[in-house]
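Residue-level structural notes
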Amino acid sequence: EISIVILISGSGSNLQAIIDATQSGTIPARIEAVICNKEDAFGLTRAANAGLVTEVISHKNYDSREHFDQALKKVIDQYSPDLVVLAGFMRILTPEFVKHYSGRMLNIHPSLLPKYRGLNTHQRAIEAGESEHGVTVHFVTEELDGGPNVLQARVPISTDESTESLAKKVLRQEHQIYPRAVKWFAQGRLKMNNNQAMLDEKTLPECGEQ
Ligand code: GAR
């Protein structure tokens, strides 16, 4: 069983999917702590309901990204996690922080990367007239929303699609693929090697690359 620390900023529905998969034994891991940068995030309630340790580190208490990240790192490392899972964690991380967790930090981003890095991905995909959209799980590297892809799921965009309806469809897929990726990592099957994601010693395709 590996140990995991999960970072959140909001509702925590991806956190919930991972909690459920650890409780059912699908993911062979122990969630050591859930860390949140917002004290009123609903995800903290989900974590507490599951009996998990929670920590709040507000970015507002730090005068720079560097200082916030140093504090965050200190708290995370008290739990010596094998894996750090970013589940709707909405802060940009410094290169030093990212390097420290190289090969052991995953993120989920609501777009078919490399398309639509950054914020408001659903709205931007609709406005661009895309016929499909989706979500990507990737290893975190210094490039923002840019590490090697582990898994993607696609959803169609219908003609009358709203940002809300699209976000809902994408979230349903997120809850499928994030636990799967975390399970692979926990089973020792998923690794990052030379900036490439490897599953069972095989290089995963950079799906979505143009
Ligand atoms: C998810 O859609 C996740 O992909 C996105 O935030 C949402 C969090 O939902 N993450 C990002 O945009 C990262 N840049 P949740 O709190 O219910 O899991």
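So, how was this worked out
- Residues numbered from 1 in each chain as written.
- Predicted model: local features only at pLDDT ≥ 70, side-chain atom pairs only at ≥ 80, totals over all residues.
- Heavy atoms only, no water.
- Pairing = 2+ DSSP bridges.
- Helix = DSSP H or I, 4+ residues; strand = E, 2+ residues; numbered from the N terminus.
- Axes fitted to C-alpha atoms, helices over the stretch in contact; angles between N-to-C directions.
- Contact = heavy atoms within 4.5 Å.
- UniProt positions renumbered as here; feature names shortened; annotations may be inferred.
- Buried < 20%, exposed > 50% of the residue type's maximum accessible area, 1.4 Å probe, protein only.

1. What to know about the sheet that holds strand β9 (residues 196-199)
Ordered by their spatial adjacency, 3 strands build an open sheet running β8-β9-β10, and the pairing between neighbours is antiparallel. The sheet is open, and its two edges are formed by β8 (190-193) and β10 (202-203), each paired on a single side. Bridge count between β8 and β9: 4 bridges; the pairing is antiparallel. Looking at the pairing, Lys191 lines up with Met198 of β9.

2. Here we look at the sheet that holds strand β3 (residues 54-56)
Taken in spatial order, the 7 strands of this open sheet run β3-β2-β1-β4-β5-β6-β7, and their pairing is mixed. Every interior strand has two partners, whereas the edge strands, β3 and β7 (149-156), have only one. Pairs of neighbouring strands in the sheet enclose a mean axial angle of 20°, with direction left out of account. Relative to the sheet, helix α2 (residues 42-49) contacts β1 (2-8), β2 (29-36) and β3, its axis offset from that of β3 by approximately 155°. Along the sheet, helix α6 (residues 163-186) makes contact with β1, β2, β4 (83-86), β5 (105-109), β6 (132-139) and β7, crossing β7 at roughly 155°.

3. Digging into the UniProt feature "site: Raises pKa of active site His" (unreviewed entry) in the protein
The residues that UniProt annotates with the feature "site: Raises pKa of active site His" (unreviewed entry) are Asp145. For Asp145, the position within the fold is in the loop between β6 and β7. Judged by relative accessible area, which is 13%, Asp145 ranks as buried. What Asp145 contacts, discounting residues up to four positions off in sequence, is Asn107, His109, Leu113, Arg117, Gly118 and His138.

4. Here's the deal with unusual backbone geometry
The omega torsion across Leu113 and Pro114 is 15°, close enough to zero to call that bond cis. Turning to its location among the elements, Pro114 is positioned in the loop between β5 and α5 (121-127). The backbone of Ser80 shows a phi angle near 40°, a positive value even though the residue is not glycine. As for its position among the elements, Ser80 is in the loop between α3 (65-77) and β4. With a phi close to 50°, Asp145 is a non-glycine residue in the positive phi region.

5. Looking at the UniProt feature "domain: Formyl transferase N-terminal" (unreviewed entry) in the protein
When the UniProt feature table is mapped to this numbering, "domain: Formyl transferase N-terminal" (unreviewed entry) covers residues 4-182. Secondary structure over residues 4-182 splits into 36% helix and 23% strand, and the C-alpha atoms at its two ends are 9 Å apart.

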